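# Architecture at a glance
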Amino acid sequence: MKHNLITSSLTAFFLLAGATSTASASDKKIEANDLVEMFEKLGGKHPGYRKAHAKGLCASGTFVPAPNKYFTGAALLSNGELPVSMRFSVGGASPSSDEKAPGTRGMGMQIQLPDGALHTFTGNNFPVFAGKNPEIFHGFLSTLLPDENGKSDPAKTMAFIQQNPSLQAHVMWNKNAKTAASFANTEFFGLHTFYFDQANEQQTKFRWNIKPNLGVKTLEKAEADSMPTEFLADTFAQQLKDETVSFSIMASLGEAQDSDIDPSQQWPSERPQVTLGTVTVKTSGGDACNNTNFDPNVMSAGFTPSADPILRMRSPAYAISFGKRLSGQ
């Protein structure tokens with residue numbers, strides 16, 4: 001469980017009976033650099049690679065919008081077919097992460113509008129984040145660090161989880177996670193809340209998720225064990241040859257009582273969903289996405305981020321990681 005927790009938690013920026021509730025999050029305000037340094041402590045330093053989701057697959061395609069009344073006037077949905085740059089990834093800081101292991105898979109997507117503006121979607125295959133704020137997330141990661149003898153203390157981690165309930169849904173997801181059969185068969189969740197200001201002065205509150213039109217498929221342990229250490233790129237390339245690989249970008253519409261600042265909480269499943277558009281993947285491979293910074297706060301006109309502290313932390317954390325990557329650190 002420890003390995004999966006580390007892998008899943010690093011991306012995320014990327015039952016518990018028997019533990020004593022003696023741990024809690026630090027009162028220290030956590031900054032972006034604190035998180036980047038924590039990723040390096042847990043996953044090791046890999047110069048030139050992303051600090052989380054180091055192993056990835058570039059892809060490209062097109063976005064065809066689906067205009068609707070909840071996003072009236074959005075340039076993203078008003079300019080017809082648009083080019084898309086994508087990156088699919090395996091959780092963790094190592095560029096040689098084992099693709100047979102269950103846990104986190106990620107996706108970054110950047111849609112380019114005719115005027116040069118960009119709209120970014122960044123998501124993971126888990127529906128809830130590990131903690132409601134950077135302090136709890138960082139505190140959780142710190143419990144996974146080994147001591148001077150190279151050993152970590154699972155009881156310390158479990159105590160921290162009990163003391164901080166906003167971690168528990170993510171931990172349970174991780175406990176039950178299976179190995180993704182393919183990036184093309186993985187659903188990705190944006191986790192955070194965003195707003196769109198319509199031309200009629202109405203505001204749409206939403207969270208997005210991306211559904212694979214080929215359906216979600218995972219591997220049982222025996223199936224995963226029989227696969228080569230690296231199979232995701234080849235599987236994806238073969239699917240592109242044999243069938244249409246596409247994803248539907250969906251927006252769940254929030255109500256007043258739905259939290260817009262806590263990504264560790266899922267909204268009720270009965271919230272209405274509307275389609276924002278369809279992304280069809282055309283090619284995969286190469287290195288075109290290697291120097292792309294998939295910051296989810298980079299959006300086209302009319303869209304704004306919520307005050308979610310995890311979402312707000314992503315921009316500076318991504319910028320630090322991006323700078324280190326370009327400078328070979």
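Above this text you will find the structure in question.
Residues numbered from 1 in each chain as written. Predicted model: local features only at pLDDT ≥ 70, side-chain atom pairs only at ≥ 80, totals over all residues. Heavy atoms only, no water.

## Brief notes about the overall build of the protein
Definition in use: A helix here means a DSSP run of H or I that spans at least four residues, while a strand means a run of E at least two residues long, and both kinds are numbered starting from the N terminus. Each radius of gyration is computed over the set of C-alpha atoms, and the globule rule expresses the reference value as 2.2 Å times the number of residues to the power 0.38. Only protein chains enter the accessibility calculation, which uses a 1.4 Å probe; a residue whose area is less than 20% of its type maximum is buried, one above 50% is exposed, and one in between is partly exposed. Only the protein chains shown count as cover for residues, and all accessible areas are computed by the Shrake-Rupley method using a 1.4 Å probe. Note on charges: Lys and Arg go in the positive column, Asp and Glu in the negative column, and His and the chain ends are not counted at all. Taken as the charge location is NZ of Lys, CZ of Arg, CG of Asp or CD of Glu.
What the protein contains, in helices and strands, is 8 helices and 12 strands. Taken over C-alpha atoms, the radius of gyration comes to 19 Å for the protein, in line with the 20 Å a tight globule of 329 residues would show. Referenced to the eigenvectors of the C-alpha coordinate spread, the extents of the protein come out at roughly 60 × 45 × 40 Å. Within the protein, buried positions represent 53% of all 329 residues. Approximately 14,200 Å² of the protein is accessible, and the part contributed by carbon and sulfur atoms is 49%. Averaged over its 29 positive side-chain charges, the protein has a centre that lies 3 Å from the centre of its 31 negative ones.

## Let's talk about the state of the cysteines
Selection rule: Criterion for a disulfide: a pair of cysteine sulfur atoms at a distance within 2.5 Å.
In this structure the tally under the stated criterion is 1 disulfide. Put simply, Cys58 and Cys289 are joined by a disulfide, and their sulfur atoms are 1.9 Å apart. Between Cys58 and Cys289 the sulfur-sulfur dihedral comes to about -85°; the bridge is accordingly left-handed. Taken as a pair, Cys58 in strand β1 (residues 55–65) and Cys289 in the loop between β11 (273–284) and β12 (303–305) lie far apart in primary sequence, 231 residues in all. For Cys58, a relative accessible area of 4% puts it in the buried group.

## Considerations on the nonpolar core
Our working rule: For this analysis, a nonpolar core means a set of buried residues of the types Ala, Val, Leu, Ile, Met, Phe, Trp, Tyr and Cys, connected via side-chain atoms within 4.5 Å. Throughout, a residue-residue contact means that at least one pair of heavy atoms, one from each residue, lies within 4.5 Å.
One finds Phe71, Met109 and Phe236 to be the most contacted residues of the largest nonpolar core, which totals 44 residues. Where this core is concerned, the elements lending two or more residues are β1, β2 (82–90), β3 (105–112), β7 (194–197), β8 (203–212), α7 (232–242), β10 (246–253) and β11. When residues of this core are assigned to their parent elements, the largest contribution, 5 residues, is made by β2. With residues up to four places along the chain from it excluded, the contact list for Phe71 reads Leu77, Phe196, Gln198, Thr204, Phe206, Ala251, Leu253, Val274, Leu276 and Phe303. Core analysis: the second largest hydrophobic core is formed by 27 residues, Val36, Phe137, Phe160 and Leu191 among them.

## Focus on helix α3 (residues 134–142)
Spacing of three or four residues puts side chains on the same side of an α-helix, whose turn is 3.6 residues. What counts, and what does not: Under this definition, polar contacts are N or O atom pairs within 3.5 Å; protein pairs additionally need one hydrogen-donor-capable and one acceptor-capable atom, and for neighbouring residues in sequence, both atoms have to be side-chain atoms.
Taken across its 9 residues, α3 has 8 buried, putting it largely inside the fold. Listed as buried for α3 are Pro134, Glu135, Ile136, Phe137, His138, Gly139, Phe140 and Leu141. The backbone nitrogen of Glu135 has a side-chain oxygen 3.1 Å away, supplied by the residue at the start of α3, namely Asn133.

## Observations concerning the pairing of β8
Threshold: In this description, strands pair whenever DSSP reports at least two bridges between them.
Judged by how many residues are buried, β8 sits mostly within the fold: 8 of 10 residues are covered. Pairing of β7 with β8, which is carried by 4 bridges, proceeds in the antiparallel orientation. From the neighbouring strand, Phe194 faces β8, where its bridge partner is Phe206. What sits between the antiparallel neighbours β7 and β8 is a turn of 5 residues, in which Glu201 has the positive phi angle 70°. Where β8 meets β10, 7 bridges bridge the pair, whose relative direction is antiparallel. Counterpart to Ile210 in the pairing with β10 is Ile249.

## Description of α7
Formally: Summarising the geometry, the arc corresponds to the directions from the helix axis toward the C-beta atoms.
Taken together, the buried positions of α7 are occupied by Leu232, Phe236, Gln239 and Leu240. Along the axis of α7, the buried residues cluster in a sector spanning 100°; they form a single face. Residues of α7 that are exposed and point over 90 degrees away from its buried face: Asp234, Lys241 and Asp242. In the core, the buried residues of α7 are packed alongside β1, β2, β3, β5 (179–180) and β11.

## A few points about the packing of aromatic side chains
Centre distance and the angle of the planes are the two values used to describe a pair of aromatic rings. To keep things clear, this is the line we draw: Any Phe, Tyr or Trp ring, taking Trp's six-membered ring, that has another such ring centre within 6.5 Å forms a pair; planes under 30 degrees apart are called stacked, those over 60 apart edge-to-face, and the others tilted.
On inspection of all chains with the given rule, the structure shows 15 aromatic pairs. Each ring, one from Phe71 and one from Phe196, has its centre 5.7 Å from the other, and the planes form 40°; the classification is tilted. Taken together, the residues span a long stretch of sequence, with Phe71 in the loop between β1 and β2 and Phe196 in strand β7 at a distance of 125 residues. With a centroid separation of 5.1 Å and an interplanar angle of 50°, the aromatic rings of Phe88 and Phe236 are classed as tilted. Placement of the pair is Phe88 in strand β2 and Phe236 in helix α7, with a sequence separation of 148 residues. As far as the burial class goes, Phe88 and Phe236 line up, both buried.

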